[in-house]
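Observations on the model geometry
The residues making up each chain are set out below.
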Amino acid sequence: MIPFIDLKTEYAEISEEITETVQRVLKSGWFILGEEVKRFEEDFSKYIGTKYSVGVNSGSDALFLALKVLGIGKGDEVITVSHTFISTVDAIMRNGARPVFVDIEPDTYCIDVSKIEKKITNKTKAILPVHLYGHPADMEPIMKLAEKYNLFVIEDACQAHGAEYKGKKVGSIGDLGCFSFYAVKNLGAYGDGGIVVTNDKELAEKLKKFRNYGSSQKYHQDFIGINSRLDEIQAAILRVKLKYLEEWNKKRRIVANTYNNQLKNTGIILPIERNFAKHVYHLYVIRCKNRDMLQQYLQKNGIQTQIHYPIPVHRQKAYLRLGHDSCLTITENVCNEILSLPMHPWISEEEISQIVEVIKKCH
Ligand SMILES: *Cc1c(COP(=O)(O)O)cnc(C)c1O
């Protein structure tokens, strides 16, 4: 069997360091908001290239709190995509604001920046692009629109740790950048975790209060926040793993390159990398007309695949009450054709060849 992802091999590679680290935290007797979180926040800011980082409970909370501290709520509109993980859009809804969907590009699967401006109204407060699959959205035109219309930009970088846009790490370009450390992400905890990065001191301080009941000093509360903190143990683990992120991303890029070479001239649509982009291949997503058949055939031959995502957010039961949006043609089409092949830093060339051989037989 060729698994979709392989966290066991990853762990085997760093198990000694992890054991030492976890024991150190256990022995310290300090488990919430201590030195480990502080150090990881410093390391992560340095890596991404922002002044501040605020560790939280998940990528979902990172997005929720990012919108919250910008004051986005009832009556406001936030421009985003429907072709994403549900949690991107949930963050808008949980703040009482309205998501306004823009279609995606058929090749990068990220927001089509040429279609944003006509969706801007006097209620629009922010643009929330998603760097989907590890490929950056086209940030420069987004930042220009944001400046022109006085909008905030929140980057959903939950699938793009280390991805670059014109040499800058994603997450560092908008007002706030949100990352998830869900176990299977390019940088994953052994459980849940997330972080918000920013260059704005005031926003960072507000985030630090918001993640901790709205309180910066014990038993003194400024406003009502939530309990959404990155655990000390997870922060310590993430500090170890962060050292390997560049190397692991490099391996993912090699895997993608090998897939690309072996799959060219098969008629299958392959992922692309724009000139402005450094793709980190959180997922390796191909596209073909006979997707369901291909997925079943691969499954029968012991190759695990997944679909990211089979139903766009605006088609989810939870979102039907928002009403149908007719201008999401690409979004509606690609979800029937996309297929995510096994992708992680430890796939061997032989495994890739095996996968490609099966694909060629079916296609
Ligand atoms: C994983 C992910 C999230 C949510 O992160 P969690 O840590 O699972 O809450 C949000 N947006 C995107 C694009 C994601 O891939």
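Please read all numbers here as calculations on a predicted model, not as lab measurements.

**Concerning the overall build of the protein chain**
Scanning the protein chain from N- to C-terminus turns up 10 helices and 12 strands. Against the 2.2 N^0.38 benchmark of 21 Å for 363 residues, the protein chain shows a C-alpha radius of gyration of 20 Å, consistent with a compact globule. Per-residue burial over the protein chain gives 57% buried out of 363 residues. In the protein chain, once contacts between residues fewer than 6 apart in sequence are set aside, the share between residues at least 24 apart is 71%. Separation between the mean location of the 48 positive side-chain charges and that of the 45 negative ones in the protein chain comes to 3 Å.

**Looking at the pattern of salt bridges**
Throughout the structure, instances matching the rule amount to 25 salt bridges. In this structure, Glu36 engages Arg24 in a salt bridge whose closest nitrogen and oxygen atoms are separated by 2.9 Å. With Glu36 in helix α2 (residues 35-48) and Arg24 in helix α1 (residues 7-28), this residue pair connects regions lying 12 residues apart in the sequence. In this structure Arg24 comes out as partly exposed when scored by relative accessible area, which is 39%. In this structure, Arg287 engages Glu337 in a salt bridge whose closest nitrogen and oxygen atoms are separated by 2.9 Å. Here Arg287, found in strand β11 (residues 284-287), pairs with Glu337, found in the loop between α9 (329-334) and β12 (338-341); they are 50 residues apart in sequence, far enough to count as distant. Each member of the pair, Arg287 as well as Glu337, carries the same accessibility label: buried. One continuous salt-bridge network, built from bridges that share partners, spans Arg24, Glu36, Asp43 and Arg239.

**What about the site of the ligand?**
Every one of the 16 residues lining the ligand counts as a neighbour, but Gly59, Ser60, Gln159, Ser180 and Lys185 are closest to it. One of the side-chain nitrogen or oxygen atoms of Ser60 is found 2.5 Å away from an oxygen atom of the ligand. Contacts to the ligand include Lys185, whose side-chain N or O atom sits 2.8 Å from an oxygen atom. With the chains in place, 93% of the 380 Å² that the ligand exposes on its own is no longer accessible. Residue contributions to the shell around the ligand peak at 3 residues, all from helix α3 (residues 59-69).

**Side note on the packing of α3 against helix α4 (residues 86-94)**
Interhelical geometry of α3 versus α4 gives an angle of 40 degrees and a closest axis separation of 8 Å. In this structure, α3 meets α4 at a crossing whose hand is right-handed. Contacts between α3 and α4 pair Ser60, Asp61, Leu63, Phe64 and Leu67 from the former with Ser87, Thr88, Ala91, Ile92 and Arg94 from the latter.

Conventions adopted
- Residues numbered from 1 in each chain as written.
- Predicted model: local features only at pLDDT ≥ 70, side-chain atom pairs only at ≥ 80, totals over all residues.
- Heavy atoms only, no water.
- Helix = DSSP H or I, 4+ residues; strand = E, 2+ residues; numbered from the N terminus.
- Rg over C-alpha atoms; globule rule 2.2 N^0.38 Å.
- Buried < 20%, exposed > 50% of the residue type's maximum accessible area, 1.4 Å probe, protein only.
- Contact = heavy atoms within 4.5 Å.
- Lys, Arg positive; Asp, Glu negative; His and termini not counted.
- Charge placed at Lys NZ, Arg CZ, Asp CG, Glu CD.
- Salt bridge = Lys/Arg side-chain N within 4 Å of Asp/Glu carboxyl O.
- Near = heavy atom within 4 Å.
- Polar contact = N/O pair within 3.5 Å; in protein donor to acceptor, adjacent residues only side chain to side chain.
- Areas by Shrake-Rupley, 256 points an atom, 1.4 Å probe, with all protein chains shown as cover.
- Axes fitted to C-alpha atoms, helices over the stretch in contact; angles between N-to-C directions.
- Left-handed = near helix turned anticlockwise from the far one by under 90°.

Without other data, these values stay purely geometric and don't point to any function.
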